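# Remarks on the overall topology
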Amino acid sequence: MQCVKLPISVSVEINLLLVAVTVSALVTRLYGIHFPKAVVFDEVYYGQFLSLYMKHVFFIDESGPPFGHMILALGAYLGGFDGNFVWNRIGAEYTSNVPVWSLRVIPALAGSFCIPLAYLLVVELGYSHSSALGACVLLLMENSLIVQSRFMLLESVLIFFLLLAVLSYLRFHKAHNSSFRWFWLVTSGVSCACGIGVKYMGMFTYFLLLGLAAVHTWHVIGDRTLSHGKVVVQILVRFLALVVLPVIMYLGFFYIHLTLLYRSGPHDQMMSSAFQASLEGGLARITQGQPLDVAFGSQVTLRTVSSKPVPCWLHSHKANYPVRHSLVVSSPPRPVRHGDIIQLLHGMTSRYLNTHDVAAPMSPHSQEVSGYIDFNVSMPAQNLWRVDIVNRESDREIWKTILSEVRLVHVNTSAVLKLSGASLPEWGFKQLEVVGDKIYKGYQQSGMWNVEEHRYGRSQEQKERELELKLPTHSDIKRNLTFMAKFLELQWKMLTVKNEESEHKYSSSPLEWITMDTNIAYWLHPSSNAQIQLIGNIVNWTIANLSLVVYSLMFLTYLPRRRRKVEDIPQDTWEQLVLAGVICFGGWAVNYLPFFLMEKTLFLYHYLPALTFKILQIPVVIEHLYIHVLRSPAQRKAFGGVILGVLCSVYVSYHNLSPLTYGQPALSSDELAALRWRESWDILLRKR
């Protein structure tokens, strides 16, 4: 018996074009990302959250979910950043403890890998490797995408996940019998979740993919070659991967976010008292050990559930009108329940909370609310209030510290104690106005109150009561919100709490983006003309607009003719063209048109995801024209010459704008003036 050595062979297939464009992308995006060693445009915005992550301090950013911030924080963590830097102005020099390269490398890598993803996406759409290479060349030399990739910004990360989601879904759709088919579907769902987790703009492409998946699923349902069981499995798996999985991951992003940020911070007051009490320090330190049940005689602070326009606590000012009263809690305490009638007495001024049928000073349609003083003007006190626990579980619910949301209804007039939203003038110390609203309807956070600080009073004497208000509490009651309760509150705040929008020097409208009539100055050297500008490759933008027009004309020409049974192109070519239109034209449309409906400050960088899909449309149109429209060799040769000329123009535009893309070398004022190709561009010229 002989032992025969079997040869072991390993075959590796390397796409040299793909390798070449990937290396080129890494060079153009990573080269010199440590320059400038100063805060560049929105780094001043993201950097604040970065420092809070490093210190585990809670914050809320209403502009988007936390996953993008966590990605940037990962770079900071790997670079050893301790969070100690004051992010107060653009152009501020980074101190030695700030790892500039680490902060910027993840967005740069994401921007770099968008190029090979674009290559693979064009190939997956059924177009040639030459067309895929053309798409990569255009994206490689797109100055705006380069600028946005080289700093601590999130657009490049968003675009990376959007392209990966689309590519993965197309591979799933086309890999009918491949063992990797379900892997690509899961990858698409994961990428969609990550895109949405970076910025809510990711929703646009996600809905586009869901629509495409719904059409494909409908075709699966109509496939008579599949058994009923297989159809059900197909539908279930697609639903789990593209709907359930992204939802779970989205919740996961917030779970990690809230786990990391467990300390009290500057944004606490936007959240409810219960949320604040769940954080380490801040309100939790003040309320630790408070009695849970509010009782007759309790000493409490009342805060509105609403945080608009700012958080508000029920407050009065001290005056010398002594009144004897009882602030003593019985033993055992007699709890206040839903429906009970109470009086509210200000502990320092000894005045009862009162309202009557007198117009409020700033809100004449509502009643005035004040601490009652008997001026002997035949106006008796009306200081009885009914406790209405809104989030009660039973009709005799006990009023709970922090947890209960309470509506205080005036017994005499049925007016509800609420925050009007107006501010009192100088005589009212500019504080927010509290009124009695007689036409109060439905659930309004401005009319909801909860107890924050709570103590059981033991003394009848004024001075001793004042000391009791400052003494530590005596009970140890632990309250922790569930993750879902914190998530829902945080999500609601993110969607409803908006910063005051103000006009920015570099804000723009969506109409200006199409023809790039605007730009953004990202950074200016303190002593020279060296600067970084968000300006796109004007040749790219022009031919991308042209490709959209040409595609629309082709589609509108083919569609009625095919309806009339005139087939200018084969069926598979038509389906290929339609799919490319859904991805490229559709990707541009869903990432652009919604901005016309948004009431927020917009900038040119909001257009970059749409621009990416629009550039991918260019090779699609070119290849279709070359193969299916231009018939003669002479026409194709002339068209090839035009394409070569356009590519040369793209390079010239990229090269000329490079000093504004990379911030170096510094140009003279004359050279900068020569680059102002549009009158609307704001190129900064330093006066000598």
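Structure report, in brief. Remember, it's a predicted structure, so these values are computed and weren't measured experimentally. (Residues numbered from 1 in each chain as written. Predicted model: local features only at pLDDT ≥ 70, side-chain atom pairs only at ≥ 80, totals over all residues. Heavy atoms only, no water.)

### Regarding the packing of aromatic side chains
Throughout the structure, instances matching the rule amount to 42 aromatic pairs. With 5.1 Å between their ring centres and 50° between their planes, Phe 58 and Phe 275 make a pair best called tilted. Placement of Phe 58 in the loop between α2 (43-54) and α3 (67-78) and of Phe 275 in helix α11 (residues 273-277) is noted, with a sequence separation of 217 residues between them. According to the relative accessible area criterion, Phe 275 is buried, its value standing at 0%. When the centroid spacing of 5.7 Å and the interplanar angle of 70° are considered together, the rings of Trp 87 and Tyr 94 count as edge-to-face. (Phe/Tyr/Trp six-rings, centres within 6.5 Å; stacked < 30°, edge-to-face > 60°. Helix = DSSP H or I, 4+ residues; strand = E, 2+ residues; numbered from the N terminus. Buried < 20%, exposed > 50% of the residue type's maximum accessible area, 1.4 Å probe, protein only.)

### Regarding unusual backbone geometry
A cis amide bond links Phe 35 to the next residue, Pro 36, at an omega of -5°. If you trace the backbone, Pro 36 turns up in the loop between α1 (16-30) and α2. Phi angles above zero are rare outside glycine, and His 56 is one such case at about 60°. Along the chain, His 56 falls in the loop between α2 and α3. The class for His 56 is partly exposed, based on a relative accessible area of 26%.

### Focus: the side chain of Ser 363
Here Ser 363 lies in the loop between β3 (353-359) and β4 (367-371). Take Ser 363: its relative accessible area is 6%, and that puts it in the buried class. A distance of 2.7 Å separates polar atoms of two side chains, one belonging to Ser 363 and the other to Glu 433. Residue contacts for Ser 363: discarding those within four places in its chain leaves Ser 420, Glu 433 and Val 435. (Polar contact = N/O pair within 3.5 Å; in protein donor to acceptor, adjacent residues only side chain to side chain. Contact = heavy atoms within 4.5 Å.)

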